[in-house]
Amino acid sequence: MKPHVISEPTHFTENSASLLDLIIVNDKDLVVYSEVGEMIFNKNIRYHCPNKIWLYDQGNYDLFREKLGETVWNTILESNDLETACFKITNAILNCASICIPNKTVTIRPLDPPWINGGIRKLIRKRRRLHRRAKHSDNPTHWAQFRKIRNKYVNTIKKSRDKYFKSLASKLQNKNLDAKQWWKITKQMCGVSCGTLSPPSLLVNDKMYSDPNYVTNIFHDYFSSQSTIDDTLSTVPHLQTSIHPILDNKLLLQMISLDITKAVGPDSINPRTLREGSE
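What you see is a predicted model, and the numbers here were worked out from it, not measured in a lab. (Residues numbered from 1 in each chain as written. Predicted model: local features only at pLDDT ≥ 70, side-chain atom pairs only at ≥ 80, totals over all residues. Heavy atoms only, no water.)

Q: Explanation requested: the overall build of the protein chain in the structure shown.
A: From N to C terminus, the protein chain includes ten helices and six strands. Each of the 279 residues in the protein chain was classed as buried or not, and the buried ones make up 25%. Across the protein chain, the fraction of contacts at a sequence separation of at least 24, relative to all contacts at a separation of at least 6, is 60%. In the form shown here, the protein chain has an accessible surface area of approximately 20,400 Å², with 54% of it arising from carbon and sulfur atoms. (Helix = DSSP H or I, 4+ residues; strand = E, 2+ residues; numbered from the N terminus. Buried < 20%, exposed > 50% of the residue type's maximum accessible area, 1.4 Å probe, protein only. Contact = heavy atoms within 4.5 Å. Areas by Shrake-Rupley, 256 points an atom, 1.4 Å probe, with all protein chains shown as cover.)

Q: In this structure, what is going on with the side chain of Ser-160? I would like to understand it.
A: Within the fold, Ser-160 resides in helix H5 (residues 140–172). Polar contacts involving the side chain of Ser-160 include one to the main-chain carbonyl oxygen of Trp-115, which spans 2.6 Å. Filtering out sequence-adjacent residues up to four positions away, Ser-160 remains in contact with Trp-115, Asn-117 and Ile-120. (Polar contact = N/O pair within 3.5 Å; in protein donor to acceptor, adjacent residues only side chain to side chain.)

Q: How should I be thinking about a nonpolar patch on the surface in this particular structure?
A: Judged by side-chain polarity, Phe-219, Tyr-222 and Phe-223 come together as a nonpolar surface patch covering roughly 340 Å² of accessible area. Within the secondary structure, Phe-223 is located in helix H7 (residues 212–226). Judged by relative accessible area, Phe-223 falls into the exposed class, the value being 52%. (Patch = residues over 30% accessible without salt bridge, like charges linked within 9 Å, V, L, I, M, F, W, Y side chains within 5 Å. Salt bridge = Lys/Arg side-chain N within 4 Å of Asp/Glu carboxyl O.)

Q: Before we go on, may I ask you to explain unusual backbone geometry in this structure?
A: The bulk of non-glycine residues show a negative phi, and the bulk of peptide bonds are trans. Of note in this structure, Asn-205 is not a glycine but carries a positive phi near 55 degrees. Its place among the elements puts Asn-205 in the loop between strand E5 (202–204) and strand E6 (207–209). One non-glycine residue, Asp-206, lies in the positive phi region at around 65 degrees. Judged by its relative accessible area of 77%, Asp-206 is exposed.

Q: I tried to follow a positive patch on the surface on my own but got confused; where do I start?
A: A contiguous patch of positive charge on the surface is contributed by Lys-122, Arg-125, Lys-126, Arg-128, Arg-129, Arg-132, Lys-148 and Lys-152. Elements that contribute at least two residues to the positive patch include exactly helix H4 (118–137) and H5. Ranked by residue count, the leading element in the positive patch is H4, at six residues. (Lys, Arg positive; Asp, Glu negative; His and termini not counted. Charge placed at Lys NZ, Arg CZ, Asp CG, Glu CD.)

Q: Looking at this structure, how should I read the packing of H4 against H5?
A: Packed helices, taken two at a time, are described by their axes: the angle between them and the distance between them. At a minimum axis separation of 9 Å, H4 and H5 run at an interaxial angle of 155 degrees. Judged by the inter-axis angle, H4 sits roughly antiparallel to H5. Seen along the crossing, H4 lies across H5 with a hand that is left-handed. Residue-level inspection shows Ile-120, Leu-123, Ile-124, Lys-126, Arg-127, Leu-130, His-131, Arg-133, Ala-134, Lys-135 and Ser-137 of H4 in contact with H5, the latter providing His-142, Trp-143, Gln-145, Phe-146, Ile-149, Arg-150, Lys-152, Tyr-153, Thr-156, Ile-157 and Ser-160. Taken together, the residues of the contact of H4 with H5 break down into ten nonpolar, six polar and six charged. (Axes fitted to C-alpha atoms, helices over the stretch in contact; angles between N-to-C directions. Parallel < 35°, antiparallel > 145°, perpendicular 65-115°, else oblique. Left-handed = near helix turned anticlockwise from the far one by under 90°. Nonpolar A, V, L, I, M, F, W, Y, C, P; charged D, E, K, R; others polar.)

Q: When you look at the environment of Ala-92 in this model, what are you seeing that I'm missing?
A: Mapped onto the fold, Ala-92 is located in helix H3 (residues 82–100). Remark: the alpha-carbon pair of Ala-92 and Leu-68, spanning 24 residues in sequence, is separated by 8.1 Å. In contact with Ala-92, not counting residues within four places along its chain, are Thr-71, Trp-73 and Ile-76.

Q: Looking at this model, I keep getting lost on the pattern of salt bridges. Mind explaining?
A: When their charged atoms lie close together, side chains carrying opposite charge are able to pair. Evaluated as defined, the whole model comprises two salt bridges. Among the salt bridges present, the one from Asp-62 reaches Arg-65, with a minimum N-O distance of 3.0 Å. Placement of the pair is Asp-62 and Arg-65 together in helix H1 (residues 61–70), with a separation of three residues, close to one helical turn.

Q: Is there a simple way to think about the packing of aromatic side chains in this case?
A: For any two aromatic rings, the description comes down to two numbers: the centre-to-centre distance and the angle of the planes. This structure, assessed with the given rule, holds nine aromatic pairs. Between Trp-143 and Phe-146 the ring centres are 5.9 Å apart and the planes differ by 80 degrees, which places this aromatic pair in the edge-to-face class. On the criterion of helical spacing, the pair formed by Trp-143 and Phe-146 is a turn pair, its members being three residues apart in helix H5. Judged by its relative accessible area of 3%, Phe-146 falls in the buried class. Following the ring pairs from residue to residue traces out a cluster consisting of Trp-115, Tyr-164 and Phe-165. (Phe/Tyr/Trp six-rings, centres within 6.5 Å; stacked < 30°, edge-to-face > 60°.)

Q: Explanation requested: the side chain of Thr-71 in the structure shown.
A: Looking at where Thr-71 falls in the secondary structure, it is placed in the loop between H1 and helix H2 (73–76). On the basis of relative accessible area, Thr-71 is assigned to the buried category, the value being 13%. There is a polar contact of 2.9 Å between the side chain of Thr-71 and the backbone oxygen of Lys-67.

Q: Any chance you could explain the packing of H5 against helix H6 (residues 179–190) here in plain terms?
A: With their axes 10 Å apart at the nearest point, H5 and H6 run at an angle of 155 degrees to one another. As summarised for this structure, H5 and H6 are arranged roughly antiparallel, according to the angle between their axes. Note on packing geometry: the crossing formed by H5 with H6 is left-handed. Where H5 approaches H6, its residues Tyr-164, Phe-165, Leu-168, Ala-169, Lys-171 and Leu-172 are matched on the opposing element by Trp-182, Ile-185, Thr-186, Gln-188 and Met-189. For the contact of H5 with H6, the residue count by class is eight nonpolar, two polar and one charged.

Set out below in C-alpha cells:
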C-alpha cells in the first residue's frame with residue numbers, strides 16, 4: 001500500500017473529527033513538508049476596512065448648529081483654489097459633527113460571513129492558539145483543550161448561522177416589504193453579493209478590456225472628465241462669519257430636503273449631517 005502524507009483530521013463536526021483529504025505518494029521521503037492548516041472559512045484572506053459609524057440618534061444638534069455658527073468661515077475660505085476651499089469646508093463640518101454627534105470606528109470585513117460576530121472571532125483566535133500549542137507540545141491535555149474549544153466554536157458558528165437565516169426569512173414575510181428590499185434580502189439568503197462580482201468587459205475604441213481594475217479606471221476617468229470645471233479665473237466670494245448667510249434660500253431648501261437615508265459621498269459627510277446643520 002502506498003504511504004499517505006496527511007495523518008491529522010481535516011473535517012470536524014460537533015462531536016467528531018475525520019481525515020477526508022488524503023494525499024498518497026509512492027515514496028513519503030520525497031515529501032519535504034506537509035501540514036493541515038487552520039482553514040476557518042472559504043476565504044483565508046481578509047481585507048480589513050476601518051469605518052466611522054455615527055450615532056445620529058444620540059446627536060446634540062443644537063450644539064452642532066452652534067458650533068457651525070461659531071466657525072470662522074472667512075478664514076477657512078481664504079484660498080482662491082476651489083479644491084482647497086472644499087477640503088477645508090468638509091473638514092470644518094466633520095470636526096463640528098465629531099464633537100456633537102457620538103461616533104466610533106469599527107472594522108468592516110466584507111469577506112467575512114454576515115453571521116460572524118466579535119464573540120466568534122474571539123473563539124477563532126483562541127482555537128488557533130490552542131491548536132498551535134497542542135501541535136508544539138503534543139500533550140494529550142493540550143489536545144483535549146483544543147478539541148473542547150473547537151467543538152464550542154463549531155456549535156456557536158452553526159447557531160449564529162441558523163439565527164441569521166431565520167432573521168432573513170422572517171423579514172421576507174413582512175407584507176410591507178417593497179421590491180427593492182425583497183430582492184436585497186433574497187440575494188443575501190442566496191449568498192449573492194454585488195460587491196464581490198467583477199465588472200463586465202468593456203469595449204473602448206474597438207478594443208475589449210476585461211481586467212476589473214482597468215475597466216474601473218476607464219469609468220472613473222470618463223466621469224471625472226465630465227465634471228471637470230475650469231476655475232482658473234474664479235475667485236472665492238467673501239463670506240459672513242455665520243453659516244446661514246453663506247447659503248442662499250435655494251441651497252438651504254435643497255439641504256433641508258436631503259434624503260437622510262442615502263449613503264455618504266466621497267467627502268464622507270452624511271446627508272443627515274448637512275440637513276441638521278442647515279436647519
